Amino acid sequence: MSTARQFKPEEPWQAPEGEPIVRLENVTKRFGAFYAVDDISLNIHAGEFFSLLGPSGCGKTTLLRMLAGFETPTSGRLLIDGQDVTDIPPYERPVNMMFQSYALFPHMNVADNIAFGLKQEGMPKSERQDRVAELMSLVQIEPLAKRKPHQLSGGQRQRVALARSLAKHPKILLLDEPLGALDKKLREQTQFELVNIQERLGITFVVVTHDQEEAMTMSSRIALMHEGRIEQVDPPRRLYEFPSTRYAASFIGSVNLFDGYVTEQNDDQVRVQCDDAGIQLEVRHSQPLVPGMAVTVALRPEKVRVIHQLEADTPNQLRGVIKEIAYLGDVSIYHVELASGKRVQFTQSNVQALAEQPLTWDEEVVLSWSANSCGVLTE
Ligand code: ATP
């Protein structure tokens, strides 16, 4: 799992008085009887790098297209910078959209592609040239000014498209899978460049992606979508550490889920009977829960410690046998089978080149974790 971006300490979404730059009020988009976007309310603040994340078909692009003005909501209101833009056409909104296909003009060179919108709005030639030079420098493509799109690599085309979409100083840039056409290595490199450019310009970016690592790396906040609705909106770290639903826990990273029911709660500690685990699990959880309530305990694989014998007076210990090992270079993933047949995953970082006594197949181990390292999901 990649490192989540550390966003600036001042988090505008924490300030109730801060007026959001984008406000969606109960926005719904229906195609016939099908709800592509279902009653979404959401605020995005100026300067955010905001990602709409979710699987194919969950409604991310439809939501982005409504912000751009290419789709009209069936119901609800959409405000940008305090102005109701629900019925305002795309060209009158202070937004621009960068398409996944980049949509560059094939017969125009790079400089002319970037200048196109500025020329159309009548910007004088010398001013236009300065602006294009500034944008080419920003995205580091100056030597390519005279090339046509077919003479560029995918990464270079992506930069030209970005420069072109920034030319008219939009307040908000909407990006639909901006790195989708790039290979994995170039994607990772470009993620950081995109964040640097966004921070330098201070423009609000709203990005659609289905790639959770990409969203984690770049975003100030992520809206995780599921079947036309928003499941959770949070900064990456919070979304990962404190998912609010089973869906959120499973979509972001890997997770072990133990279904069970609450047996008791004392202060901020809850005990959950999990038949698959064969024991009562202890979880730190401060929201009041009722005994008997069905819940799920969520445990990330990297929070698990491996010991070789049960320890006295220690909660959350499960005995099992290692059945699968996947070596990924930086970490190894282990699958441990419990007596109930349930499999639990844990990861270990490969700190040493070759551990003296590496864990191996069919080895019996005890998995252990603290009550602070797991969570209770009620939905
Ligand atoms: P992807 O990552 O695959 O692009 P997405 O999350 O962006 O998916 P949308 O493109 O927003 O999903 O589509 C959401 C749902 O709405 C899909 O089931 C899609 O088939 C449907 N849909 C989108 N546009 C239309 C349309 N013009 N007419 C009918 N159905 C549509």
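Residues numbered from 1 in each chain as written. Predicted model: local features only at pLDDT ≥ 70, side-chain atom pairs only at ≥ 80, totals over all residues. Heavy atoms only, no water.

Now for the sheet that holds strand β4 (residues 75-80). Overall, antiparallel pairing links the four strands, which are arranged β2-β1-β4-β5 in an open sheet. A single partner strand is all that each edge strand has here, and the edge strands are β2 (34-44) and β5 (83-84). Sheet topology note: the strand β1 (residues 22-31)/β2 ladder contains seven bridges and is antiparallel. Bridging across to β2, K29 finds its partner in V37. On top of the sheet, helix α1 (residues 60-68) reaches β1, β2 and β4; it is set at about 120° to β1, its chief contact. (Pairing = 2+ DSSP bridges. Helix = DSSP H or I, 4+ residues; strand = E, 2+ residues; numbered from the N terminus. Contact = heavy atoms within 4.5 Å. Axes fitted to C-alpha atoms, helices over the stretch in contact; angles between N-to-C directions.)

Attention shifts here to the UniProt feature "domain: ABC transporter" (unreviewed entry) in the protein. In this structure's numbering, the residues bearing the UniProt feature "domain: ABC transporter" (unreviewed entry) are residues 22-252. As annotated, residues 22-252 has a helix share of 36% and a strand share of 26%, and its two end C-alpha atoms lie 25 Å apart. (UniProt positions renumbered as here; feature names shortened; annotations may be inferred.)

Turning next to the sheet that holds strand β20 (residues 374-377). Taken in spatial order, the five strands make up an open sheet running β13-β12-β11-β14-β20, and their pairing is antiparallel. Every other strand in the sheet has two partners, leaving β13 (279-284) and β20 as the edge strands with one partner each. Pairs of neighbouring strands in the sheet enclose a mean axial angle of 45°, with direction left out of account. Here strand β14 (residues 294-299) runs beside β20; their pairing, made up of four bridges, is antiparallel.

Another aspect to go through is the domain arrangement of the protein. Domain assignment breaks the protein into domain 1 (12-94 + 170-249) and domain 2 (254-370). Taking the mean C-alpha position of each, domain 1 and domain 2 sit 34 Å from one another. Contact with domain 1, which involves six residues of that partner, is made by seven residues of domain 2. On the domain 1 side of the contact with domain 2, Y240, R246 and A249 bury the most area, a combined 86% of that side's loss. Taken together, the links from domain 1 to domain 2 amount to two salt bridges. The shortest N-O distance in the salt bridge between E241 and K303 comes to 3.1 Å. At the surface where domain 1 touches domain 2, the tally comes to six residue pairs in polar contact (both at pLDDT 80 or more). Of all the elements in the fold, those that place two or more residues in the side of domain 1 that touches domain 2 are α7 (236-241) and α8 (246-251). (Domains from an automatic or database assignment. Buried area = accessible area lost by both parts, 1.4 Å probe. Salt bridge = Lys/Arg side-chain N within 4 Å of Asp/Glu carboxyl O. Polar contact = N/O pair within 3.5 Å; in protein donor to acceptor, adjacent residues only side chain to side chain.)

The next point concerns helix α4 (residues 154-166). Over its 13 residues, α4 runs 19 Å from end to end, which matches the ideal 18 Å to within 8%, given 1.5 Å per residue. Extensive coverage of α4 is indicated by the burial of 10 of its 13 residues. All of the buried residues along α4 are G155, Q158, R159, V160, A161, L162, A163, R164, S165 and L166. Lining the buried residues of α4 we find β6 (95-98), α2 (110-120), α3 (125-138), β7 (172-176), α5 (184-201) and β8 (204-209). (Expected span 1.5 Å × (residues − 1). Buried < 20%, exposed > 50% of the residue type's maximum accessible area, 1.4 Å probe, protein only.)

Moving on: the nonpolar core. I114, I141, L162, L166 and F205 are the most contacted members of the largest nonpolar core, which totals 36 residues. Residue assignment for this core shows that the elements contributing at least two residues are α2, α3, α4, β7, α5 and β8. Residue contacts for L162: discarding those within four places in its chain leaves M98, V139, L173, L175, L194 and I197. Core analysis: the second largest hydrophobic core is formed by 28 residues, V27, I44, F50 and L78 among them. (Core = buried A, V, L, I, M, F, W, Y, C linked by side-chain atoms within 4.5 Å.)

With that out of the way, let us pick up the packing of α2 against α3. Taken N-terminus to C-terminus, the directions of α2 and α3 make an angle of 125°; their axes are 10 Å apart at the nearest point. Judged by the inter-axis angle, α2 sits oblique to α3. Seen from above, α2 lies across α3 with right-handed handedness. Contact with α2, carried on its side by V110, A111, I114, A115, L118 and K119, involves R128, R131, V132, L135 and M136 of α3 and no other residues of that element. Partitioned by chemical class, the residues of the contact of α2 with α3 number eight nonpolar, no polar and three charged. (Parallel < 35°, antiparallel > 145°, perpendicular 65-115°, else oblique. Left-handed = near helix turned anticlockwise from the far one by under 90°. Nonpolar A, V, L, I, M, F, W, Y, C, P; charged D, E, K, R; others polar.)

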